[in-house]
Structures are given as C-alpha cells and as structure tokens.
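Geometric and topological summary
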Amino acid sequence: MCHPAYRLLTRAAQQAAYGAATVRERLSLNALLLLMLAMCGSFRAAPPTKPANRTIKVPVWADSKDGAPFTAKDLTATLDGDATRVLTVLSPNDGLMLLVVLDLAGDLSLAEPAKEALAAEIEQLPPRVFVAVMRAQDGPKVLADPGVDRAPALAAVRDLPVSGKAGLLDSVATVTRVADSILAKAAVRVAVLYLTDSDVENYREDFTNPVINSSDTHDLSRKFPEALIQDKISKLVAVLAAREAPLFVVHLRYRGDRLGEAYQNGLKQLAEVTGGSAIFCRSSEEIADAIHRAVATITASYSVTLALPERPLKNVQVQLDAGANWTLGYRARFVLKER
C-alpha cells in the first residue's frame, strides 16, 4: 500500500501543475508527478501543524567543534526578534530529495566533462539521497525518477543531448514550486541544482534589448542594454523569495561582457534569495570542483522547521542560535505569501 505521504505529495504536485500558465507547462508538469512515485513509502509525511501552513522551513549549514549534528533542543530561534518554537530539525543524516536540472545547449567541450563530473558525484551519494534528473529546455521534463538505484540517473545525465535553447529562466519558477510541494508534505530535505551553460542571448525570449531607433542618440536601449534581463530577473526574484527549497546553480562558462555579467549577477540573486548559491566556472578545469562543491554543500544541509506566529506576516527575519558548539549559516529572510 502506498505511503500516506505519496497521496499528499501527488495532490500538491497536481495543484502546481494545473496552476501553470500555459498548456505546454501543464503537459510538462504532468510528467513531474513521476517524481512522487519513487517517494511512495520512502519518506514519512511531515507532521501536521495547526493552523495550516503556519511554519517555515529554513535551510541551515553548521560547523561543529566536535563534529556532532545539532538537534531541535540545541536551537533557539526568533522571528523579527520574537522567540518562536523549533518544531523539527532534519540533519545531513536524514533523507534528501535532490532535483538535478540540466540546462545544456552550448559548448560540447564544457558540457561533456560537466556531465561526467556530475555523474561521478551522483555515484558517490549515500542511499538516503534520492536524485531526480530533469531537463530544462521547452518546459521542465523528467528524465529519471528519484530512487536509490543510480543507474537511471546516470544514464539520463550521460545521454542528455547538448542542444536547443537555454531554459533556466523559463523553468526555475516551476521546478522550485514542485520542490516546495515536496518540502511541505514530507519529512525530507529538498534542494534544486541547475547545471547550465546558458547564454543570455540563447533564450527564445530576446533579452538583448536591441536599439530601437538607431538614429536617436538618446535612445535608452543604447545606455541600458541589460534592462530587459534585469527586469526578468527582478520578477523571478520576487517569485523565488517566497519559495523555501534552496536553489543552487553551477554555470559552466563565465562571461565578462556587460550583458553576460548582468545575467550572471541575476542567477546569483536567484540562488541567494532562496538560501542557495551560484558558482561560475572560468575554465574547464574548474568544472569538476564546482560541481563537487555544490553537491557537498547540498548534502551537508539541515532543514529547520519553525512555527510562525498567529498574526499575519508578509516578510520575516530569522535568527538562529545553537550555542558555542556550532557556527550556523542559514537563510535569514523570507517573504511569506498566502499564509
């Protein structure tokens, strides 16, 4: 019989799917329901909270003097300066759902080593880590369902064709929404990792802000060529600020031109607003280490569930303290919507 968590997760994913803006997104999101199949019986349901949705889950990283993980009794927490309850703590020894999203459409000389480095990292993950592999282009598509058998994930990574248009900006809101659905309904840590070689000039949408009037020296598109990509990023930052699952990005090729830097700064904003991070490789020699660092950071994460106060909040500042034995790094600010 299917674990009760599966029914909750499936319902959450369906709600995400049918809330999509386009028919193409709905079709792509239907495939994401496959993510839930492998979770049947794998993770217990998250403990119910009353009233509904009155919690936040904070990604945390810890350095310990004695190497021991911290627990709920070790933590004190405040929200906007007021004490709050620490409900649960999931440590690096607990289950992790890792959604790996491949967004590779460019240079084979970078993409192929990146795929091999990622495959090597997946092979070394412990059984408590469930890895789902997805492709970002043309709407997120599931390539390998999560499970302890690494063979499907490894095949999906190694066999991925490197072609098409960049898809990170078009898929990240959908993928993080599904990640949050899992995070809310199962007692499991969740993280999203994008491996991308995306070029801002290789999207289906034109972000290059072409000059509108070549004869007009005062045309603002001459002075602000990065305006369109900054506008797109600002809209996505507002969306991701309300997500709880952390986003990590490994970009295979750093670009030093003005438009490229604006795009890369935007990716950094998207990751950091969720408590994650972005790494940009300046050479092919840096790729394997960048992927290793991202995966190591993800697997070392904690997930701390805090109770929200009864009064409505739109934004909240988090402060955590585990005493002298632990030095904590964590996401400190959340935007709360529909709570």
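Refer to the structure above for everything that follows.
Quick notes on the rules
Residues numbered from 1 in each chain as written. Predicted model: local features only at pLDDT ≥ 70, side-chain atom pairs only at ≥ 80, totals over all residues. Heavy atoms only, no water. Buried < 20%, exposed > 50% of the residue type's maximum accessible area, 1.4 Å probe, protein only. Helix = DSSP H or I, 4+ residues; strand = E, 2+ residues; numbered from the N terminus. Arc of directions from axis to C-beta. Contact = heavy atoms within 4.5 Å. Salt bridge = Lys/Arg side-chain N within 4 Å of Asp/Glu carboxyl O. Phe/Tyr/Trp six-rings, centres within 6.5 Å; stacked < 30°, edge-to-face > 60°. Lys NZ or Arg CZ within 6 Å of the ring centre and 35° of its normal. Pairing = 2+ DSSP bridges. Axes fitted to C-alpha atoms, helices over the stretch in contact; angles between N-to-C directions. Expected span 1.5 Å × (residues − 1).

1. With respect to helix H5 (residues 151-159)
Along H5, the residues that are buried comprise Ala 153, Leu 154, Ala 156 and Val 157. Down the axis of H5, the sector holding all buried residues measures 160 degrees, keeping them to one side. The inward-facing, buried residues of H5 contact strand S5 (96-103), helix H4 (108-123), strand S6 (129-135) and strand S7 (141-144).

2. Some words on the pattern of salt bridges
For the coordinates displayed, the defined rule picks out 11 salt bridges. The partner of Glu 116 in a salt bridge is Arg 158, and the shortest N-O contact between them spans 3.4 Å. One end of the pair, Glu 116, is in helix H4; the other, Arg 158, is in helix H5, and 42 residues separate them in sequence. A relative accessible area of 41% means that Glu 116 is categorised as partly exposed. Ionic pairing is found between Lys 268 and Glu 272, a salt bridge with its closest N-O pair at 2.9 Å. Remark: Glu 272 and Lys 268 occur in helix H9 (residues 258-273); sequence separation between them is four residues, near one turn of the helix. The partly exposed category is assigned to Glu 272, whose relative accessible area is 42%. Each of the salt bridges in this network shares a partner with another, and the network as a whole consists of Glu 116, Glu 123 and Arg 158.

3. Some points on the packing of aromatic side chains
Applying the stated criterion across every chain yields a total of five aromatic pairs. Judged by centre distance (5.6 Å) and plane angle (80 degrees), the rings of Tyr 203 and Phe 207 are edge-to-face. As far as burial versus exposure is concerned, Tyr 203 and Phe 207 are alike and both buried. Three or more aromatic residues joined by ring pairs form one cluster here, namely Phe 70, Tyr 302 and Trp 326. One Lys or Arg, Arg 282, reaches over the ring of Tyr 254 and ends 3.8 Å from the middle of that ring. Cation over ring: Arg 331 sits above Phe 334, and NZ or CZ is 4.0 Å from the ring centre.

4. Examining the sheet that holds strand S13 (residues 326-330)
Here we have four strands laid out as an open sheet, ordered S4-S11-S1-S13, and antiparallel in their pairing. This sheet does not close on itself; its edge strands, each paired only once, are strand S4 (86-90) and S13. Neighbour-to-neighbour, the strand axes of this sheet turn through a mean angle of 30 degrees, independent of strand direction.

5. What to know about the sheet that holds strand S10 (residues 277-280)
The sheet built from six strands is open, its strands ordered S7-S6-S5-S8-S9-S10 with mixed pairing. The sheet terminates laterally at S7 and S10, the two strands that pair on one side only. Mean inter-strand twist for the sheet, computed between neighbouring axes without regard to direction, equals 25 degrees. Strands in contact with H4 are S5, S6 and strand S8 (189-196); relative to S8, the strand with the most contacts, it is inclined by about 160 degrees. Contacts from H5 reach S5, S6 and S7 within the one sheet, and its direction differs from that of S7 by about 120 degrees.

6. Examining helix H8 (residues 227-240)
Spanning 14 residues, H8 covers 20 Å between terminal C-alpha atoms, matching the ideal 20 Å at 1.5 Å per step. If you check which residues of H8 are buried, you get Ile 229, Ile 233, Leu 236, Val 237 and Leu 240. One face of H8 carries all of its buried residues, which in axial projection span an arc of 110 degrees. Buried-residue contacts for H8 involve helix H6 (168-185), strand S9 (247-251) and H9.

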